[in-house]
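Structure at a glance
These are the residues of each chain, in order.
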2 protein chains.
Amino acid sequence: MPDQTASSGHRAAPVHRDPDQVPVETALSALADPVRIQLIRELAGDADWTRSCGSFDVPVGKAALSHHFTVLRAAGLVEQRDQGAKRVNRLRRAEFDARFPGLLALVLRPEHPA
Amino acid sequence: MPDQTASSGHRAAPVHRDPDQVPVETALSALADPVRIQLIRELAGDADWTRSCGSFDVPVGKAALSHHFTVLRAAGLVEQRDQGAKRVNRLRRAEFDARFPGLLALVLRPEHPA
DNA sequence: CGAAGTGTATGATTCTCATCGAACACCAGG
DNA sequence: CCTGGTGTTCGATGAGAATCATACACTTCG
């Protein structure tokens, strides 16, 4: 009977970085990619811990997707948690916004004025 | 006897792009480079039209420097004007900030306290 | 005019990064 | 236990970016 806190296992454990320790240049280059921008936007649209990595509609394979999440974690933009077989995500809104005020808003903002 | 408005000549004329027509991704990748960040920072420290392209203390050659300015122009970050033999620069603070509020501030902000 | 200074254009080189395919590890369910 | 689903890792590939050295165009000044 599986524990309700789930994940009794010992797995790789995703490497996170606190937004406070992220250089500006890293944050900018993390967001300067169309695929990652789309990930952030979709992630912002749903509640925390409701989206698994594979649930995003992006035009890349699994390997590339995994890479993008690594970049996002290293930039302090997303947090990941293992939930059973899946790895679920959370956008670190408050923390990231405290470190880089307004930056997330620019990316989440609806595209092209005209 | 040189005209006081200077530049009687017919030269290449630098290609500019209005910040309103710049995609977010372009702005971010333009600022996601250490050399260009330094250029923006130095440029912000002095008055408009007082800095020529060669007056920046960056660890790259002339060709690469010229390339970086091309990128900055295409991102709507700087404006250039020919003044005699030199090409002088101006940071498009207001216009760029109107298009991407807060972004320039993040880059100009003093680097991580610790 | 000739020389020196400033910036651009071109071509080649190097590096980084995004991507894929395949192999592997882990979890859940029959 | 075996199978299908999820995600990571590895190696290789390709595209794009940054850089340099050289050559060129234009300006200014002697």
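Since we're looking at a predicted model, the values are computed, not measured.

Reading the values: rules and limits
- Residues numbered from 1 in each chain as written.
- Chains lettered and ligands numbered in written order.
- Predicted model: local features only at pLDDT ≥ 70, side-chain atom pairs only at ≥ 80, totals over all residues.
- Heavy atoms only, no water.
- Helix = DSSP H or I, 4+ residues; strand = E, 2+ residues; numbered from the N terminus.
- Buried < 20%, exposed > 50% of the residue type's maximum accessible area, 1.4 Å probe, protein only.
- Contact = heavy atoms within 4.5 Å.
- Pairing = 2+ DSSP bridges.
- pLDDT = per-residue confidence, 0-100.
- Near = heavy atom within 4 Å.
- Polar contact = N/O pair within 3.5 Å; in protein donor to acceptor, adjacent residues only side chain to side chain.

**Re the environment of Leu31(B)**
With respect to the helices, strands and loops of the structure, Leu31(B) is situated in helix H1 (residues 24-31). For Leu31(B), a relative accessible area of 0% translates into the label buried. Between the C-alpha atoms of Leu31(B) and Val71(B), which are 40 residues apart in sequence, the distance is 9.5 Å. With residues near it in sequence (within four places) discarded, Leu31(B) still touches Leu28(A), Ile37(B), Ile40(B), Leu77(B), Phe96(B), Leu103(B) and Val107(B).

**Re the pairing of strand S3 (residues 86-91) of chain B**
Regular strands have side chains that alternate between both faces of the sheet. Residue and element names in this part refer to chain B. Of the strand pairs in this sheet, strand S1 (residues 51-52) and S3 are connected by two bridges, and their pairing is antiparallel. In the sheet register, Ser52 faces S3, and the bridge partner there is Val88. Where strand S2 (residues 78-83) lies against S3, six bridges are found, and the strand directions are antiparallel. Looking across to S3, one finds that Val78 is bridged to Leu91. A loop of two residues connects S2 with S3, the two strands running antiparallel in sequence, and Gly84 in this loop sits at a positive phi of about 65 degrees.

**A look at the confidence of the model for chain A**
Looking at chain A, pLDDT values average 91 and 89% of them are 70 or higher. Counting interchain partners and residues more than four positions distant, the pLDDT-below-50 stretch residues 1-8 of chain A has one contact.

**Considerations on the protein's contact with DNA strand C**
Around DNA strand C lies a shell of 21 residues, among which Arg36(A), Gly61(A), His68(A), Gly54(B) and Ser66(B) are the nearest. Within the backbone of Cys53(B), one N or O atom sits 3.0 Å away from a phosphate oxygen of DNA strand C. The side chain of Arg87(B) places a nitrogen or oxygen atom 2.9 Å from a phosphate oxygen of DNA strand C. The dominant element in the surface near DNA strand C, judged by the number of residues it contributes, is helix H3 (residues 62-74) of chain A, at four residues.

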